[in-house]
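# Structural overview
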Amino acid sequence: MNTEKATARRLTAEEVSELGLQDEIFVSAEADGLPLDCCAPAFLTKPGKNFEGGSFTAKTVFGEEIHVLPDNAEERGIWVADKTGEEIEVLQSAGVLLNLALFVPNGNKESLDSLYAAARDAFGAGIVQRWSEEAVAVPDVKVDLFEEPARGRKNTNNQNRDRRALDIYPTRVRFLEPSEGWKFVVEPHKEIVDDTPTI
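Scope of this entry: the structure provided in the associated data block. (Residues numbered from 1 in each chain as written. Predicted model: local features only at pLDDT ≥ 70, side-chain atom pairs only at ≥ 80, totals over all residues. Heavy atoms only, no water.)

### Remarks on the overall build of the chain
Scanning the chain from N- to C-terminus turns up three helices and 10 strands. Reading the helices (α) and strands (β) of the chain from amino to carboxyl end gives β-α-β-β-β-β-β-β-α-β-β-α-β. Counting across all 199 residues of the chain, residues that qualify as buried make up 23%. Long-range contacts, defined here as pairs at least 24 residues apart, represent 57% of the contacts in the chain between residues at least 6 apart. Roughly 15,100 Å² of accessible area belongs to the chain as shown, and the carbon and sulfur atoms make up 50% of that amount. (Helix = DSSP H or I, 4+ residues; strand = E, 2+ residues; numbered from the N terminus. Buried < 20%, exposed > 50% of the residue type's maximum accessible area, 1.4 Å probe, protein only. Contact = heavy atoms within 4.5 Å. Areas by Shrake-Rupley, 256 points an atom, 1.4 Å probe, with all protein chains shown as cover.)

Next up, the structure:
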């Protein structure tokens, strides 16, 4: 486990209520619900003044949501960096977890195994692991992807459309997110034909 020492001060509920979303704090480190004997960098999920009942929710940089009662002496509490405070152990990020969806043309077991072997050679045999594997046949078809306002008026023309991406496979659309307030419209791909007369 990769940790480092940090000097921090425990906050009271009143002090936490003055924090905003940008303030860096430390809370108890948890991984899949398993508490670890150290802290993790975190941020409040909403401004401290908006919490009710004295319980605060923080999200660690590792994506875990932690509910904390700062004034409860039996809990680990919420900490903030302070040179005059006490020393705590802080869990550090030792790497990045990638969830990959790979498209392998004419993919078969041999080609997937060679991809896996190449990744292990590049990053180390103990680093690259197959956590779950789903082989899905992908149709050889392309679509056009548009964005349009999520609450558009009916009977309007398509001038509000924004062509987000061209010639993409339908399976890739699942991994994209529309802009805030917009939604995706997926249509069969149409080749752009330039019928401008030429001399």
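### Notes on a nonpolar patch on the surface
Where nonpolar side chains cluster on the molecular surface, the patch consists of V96, L98, L100, L102 and L115 and spans about 570 Å² of accessible area. A relative accessible area of 60% places L98 in the exposed class. (Patch = residues over 30% accessible without salt bridge, like charges linked within 9 Å, V, L, I, M, F, W, Y side chains within 5 Å. Salt bridge = Lys/Arg side-chain N within 4 Å of Asp/Glu carboxyl O.)

### Remarks on the pattern of salt bridges
A complete count under the given rule lists six salt bridges for this structure. In this structure, E89 and K5 form a salt bridge, with 2.6 Å as the shortest nitrogen-oxygen distance. Here E89 is found in strand β7 (residues 86–91), whereas its partner K5 is found in strand β1 (residues 3–10), with 84 residues between them in sequence. One salt bridge in this structure joins E15 and R9, with 3.0 Å as the shortest N-O distance. Through salt bridges with shared partners, a single ionic network connects R9, E15 and D82.

### Concerning the side chain of E147
Within the secondary structure layout, E147 lies in strand β8 (residues 143–149). Side-chain polar atoms of E147 contact the backbone nitrogen of S179, separated by 2.7 Å. (Polar contact = N/O pair within 3.5 Å; in protein donor to acceptor, adjacent residues only side chain to side chain.)

### Remarks on helix α2 (residues 109–123)
Its 15 residues place the ends of α2 21 Å apart at the C-alpha level, agreeing with the 21 Å of an ideal helix rising 1.5 Å per residue. Count one or two residues on from α2 and you reach G124, which has phi positive near 115 degrees. (Expected span 1.5 Å × (residues − 1).)

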